[in-house]
Amino acid sequence: METTKLKRFATEARAKLRAGVATKIKSLGFDADGNAVPGSEPTKMVGGCTWNGQILPSVFAEQWEALRHRLKAKGLKEVVEEGAYTWFNRLMAIRILSMNGIAEPVLRFVDEARTSKIVDDARQGRVIPMPDQQLQRLRKLFEDSTRINEQFALLVTEFCHQTPILQACFGSLADYTELLLPNNILEKGGFIEMLNTADFITDEDYKSAELIGWLYQFYISDRKDEVFAKKGKVEADEIPAATQIFTPNWIVKYMVQNAVLPQVRSNRLPEEDKKYLINDELPEEPKKPKDLKVADLACGSGHILNECFDLLFDLYIASGYGRADAIESIFANNLVGIDIDERARQLATFALMLKACQRDDSFADARALPRVYTVPSWSASNKEEVTSKAEEFFRLSDISGEALKELREAFGLMKDADSLGSIMKFNISSSTRVLLQ
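This one's a predicted model, so the numbers in the text were calculated from it and none came from an experiment. (Residues numbered from 1 in each chain as written. Predicted model: local features only at pLDDT ≥ 70, side-chain atom pairs only at ≥ 80, totals over all residues. Heavy atoms only, no water.)

Caption draft 1: Inspection of the packing of helix α3 (residues 76–99) against helix α6 (residues 148–162) at higher detail. Between α3 and α6, the shortest axis-to-axis distance is 11 Å and the interhelical angle comes to 75°. For the element pair α3 / α6, the angle class is roughly perpendicular. Within the contact between the two elements, α3 uses W87, R90, L91 and I94 and α6 uses V156, T157, F159 and C160. For the contact of α3 with α6, a count of residues per class yields six nonpolar, one polar and one charged. (Axes fitted to C-alpha atoms, helices over the stretch in contact; angles between N-to-C directions. Helix = DSSP H or I, 4+ residues; strand = E, 2+ residues; numbered from the N terminus. Parallel < 35°, antiparallel > 145°, perpendicular 65-115°, else oblique. Contact = heavy atoms within 4.5 Å. Nonpolar A, V, L, I, M, F, W, Y, C, P; charged D, E, K, R; others polar.)

Caption draft 2: Region of interest: a nonpolar patch on the surface. Residues W250, Y254, M255 and I278 make up a contiguous nonpolar surface patch of about 450 Å² in total accessible area. Within the fold, M255 resides in helix α13 (residues 249–260). (Patch = residues over 30% accessible without salt bridge, like charges linked within 9 Å, V, L, I, M, F, W, Y side chains within 5 Å. Areas by Shrake-Rupley, 256 points an atom, 1.4 Å probe, with all protein chains shown as cover. Salt bridge = Lys/Arg side-chain N within 4 Å of Asp/Glu carboxyl O.)

Caption draft 3: Looking closely at the packing of helix α14 (residues 303–318) against helix α15 (residues 323–334). Close contact between α14 and α15 brings their axes to 9 Å; oriented N to C, the two are set at 130°. Here α14 lies oblique to α15, going by the angle between them. At the point where α14 passes α15, the crossing takes the right-handed sense. Contacts from F309, L312, F313, Y316 and I317 in α14 reach R323, A326, I327, S329, I330, F331 and N334 in α15. Looking at the contact of α14 with α15 residue by residue, the classes come out as nine nonpolar, two polar and one charged. (Left-handed = near helix turned anticlockwise from the far one by under 90°.)

Caption draft 4: Representation of the packing of aromatic side chains. Scanning the entire structure with this criterion turns up 12 aromatic pairs. Between F88 and F191, the aromatic rings sit 5.7 Å apart at their centres with planes inclined by 40°, giving tilted as the arrangement. You can see F88 sitting in helix α3 and its partner F191 sitting in helix α8 (residues 191–195), a full 103 residues away along the chain. Across this residue pair, the class does not change: F88 and F191 are buried. With a centroid separation of 5.8 Å and an interplanar angle of 40°, the aromatic rings of F170 and F350 are classed as tilted. Placement of the pair is F170 in helix α7 (residues 164–170) and F350 in helix α16 (residues 342–359), with a sequence separation of 180 residues. For F350, a relative accessible area of 2% gives the class buried. R343 extends its terminal NZ or CZ atom over the ring of Y85, reaching a point 4.3 Å from the ring centre. A cation sits over an aromatic face here: R367 above F363, 4.0 Å from the ring centre. (Phe/Tyr/Trp six-rings, centres within 6.5 Å; stacked < 30°, edge-to-face > 60°. Buried < 20%, exposed > 50% of the residue type's maximum accessible area, 1.4 Å probe, protein only. Lys NZ or Arg CZ within 6 Å of the ring centre and 35° of its normal.)

Caption draft 5: Layout of the sheet that holds strand β1 (residues 43–45). Across the sheet, which stays open at both edges, the three strands sit in the order β1-β2-β3 with antiparallel pairing between neighbours. Each edge of the open sheet carries a strand with a single partner, namely β1 and β3 (54–56). Going from strand to strand, the sheet's axes swing by 30° on average, the running direction of each strand aside. As paired strands, β1 and strand β2 (residues 48–51) are joined by three bridges and run antiparallel to one another. Bridge pairing in β2 places K44 opposite C49. Sitting on the sheet, helix α2 (residues 58–74) is in contact with β1, β2 and β3, with an inclination near 65° to β2. (Pairing = 2+ DSSP bridges.)

Caption draft 6: The arrangement of the pattern of salt bridges in detail. Scanning the entire structure with this criterion turns up 19 salt bridges. Close ionic contact of R8 with E12 constitutes a salt bridge, the shortest N to O distance being 2.9 Å. With R8 and E12 both in helix α1 (residues 3–27), this residue pair falls four residues apart, about one helical turn. Assessed through its relative accessible area of 28%, E12 is described here as partly exposed. Its salt-bridge partner being D121, residue R126 comes within 2.8 Å of it at the nearest N-O pair. D121 sits in the buried class, given a relative accessible area of 13%.

Caption draft 7: Layout of the sheet that holds strand β4 (residues 294–296). As summarised here, the arrangement of the three strands in space is β4-β5-β6, forming an open sheet in which the pairing is parallel. If you trace the sheet from one side to the other, it starts and ends with β4 and β6 (371–374), each paired once. On average, each strand axis in the sheet is tilted by 15° relative to the strand beside it, whichever way the strands run. Of the strands in this sheet, β4, β5 (335–339) and β6 touch α15, which is tilted by about 55° from β5.

Caption draft 8: How the structure looks around the pairing of β6. Where β5 and β6 come together, four bridges link them in parallel fashion. In the strand pairing of β6, D339 is matched with T374. Crossover connection from β5 via α16 to parallel β6: handedness right-handed. (Right-handed = clockwise from strand over helix to strand, strands pointing away.)

Caption draft 9: Spotlight on the nonpolar core. Membership of the largest hydrophobic core comes to 111 residues, with the highest contact counts inside it found for F9, L91, M92, F152, F191 and I192. Broken down by element, this core gets its largest block of residues, 13 residues, from α3. A403, L404, L407 and I428 belong to the second-largest nonpolar core, a separate cluster that totals six residues. (Core = buried A, V, L, I, M, F, W, Y, C linked by side-chain atoms within 4.5 Å.)

Spelled out as structure tokens, the structure:
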């Protein structure tokens, strides 16, 4: 894997997408500071809304209003960043799925005019499933052949909604980010053309789950430089860019093999699974694969989790499990990942689902998902509700004295969990832990 080319691809993609998103926001009726231009807002009507001389679904007005609120709350720069990485992640995921035979190659150009396959198929009547209102809008768009960017935007958005893995890993696009796909996405030299160029990413690269981690690190590398260059306090939403580092594969293999294999019978595993194992002695009381628990509490884009998946899968197969049963058990019983960065959580989940599908393509329906979580933020609006439910769950009304003090301090620390993450240290005594069992 040529990381130099990957870095060039990721940094160029970020620059192109950020510029495209910024231009798209302006075209939606916002000025250079992210303020709505007077009179630019959609006008609601029965069954939809009107905007810029067009009749559009009512959801457009809701998304436009959500965009206005987000710009006011976070500022133009941050919303541009959000829109860019949202579409980078989803379009990369679509490309990766198609290169692994898990989804149709909908982003591939079918002619020199850079017509994407998803648009070409729809023009020939092979339309992906979508709500009737969106289908009617698509038919209207097809009446004007020059509106190919709008056709593509509608179709690829619905593809994200209708593809189980994309929906499960990245969530819904039914908010303001749906509006931010750049208008120049299909142009010569644009991001989709970059995706269709093998010079950056080889066919073999697309088969590796490592690709996701490298791309994420390189995508945020410029942001990291910006954070390190600034003076003063680092904001919470800048922490991921400043701290995420993709660990080289041999180091991850060393860590995983020496953490997991000393607990199991590894003599039936392939030698590659034991290449970095220091002590190859078999334990007196080996654990069964189902009993192994592996947690990465700062999982990033999931590199360690992915290596654990490979090793655990081989252990299950060597123990007589079928492929599907092994994957379901790994997701349900073995692996847990946590990170403060929602983007990292999404990518780690996607990488694990890719591995599952590479071994059994029936998991493309996302019927089983890995346990990868992000740390929730306790905003001013939900702080009291979260505290109340937590105290009820842990039955704090039945606890008093030093134990109650310890738990209240722990809850106080959790209010900053989305910034502190895995560096949090809870001073909860053994006697207090017994009360919670």
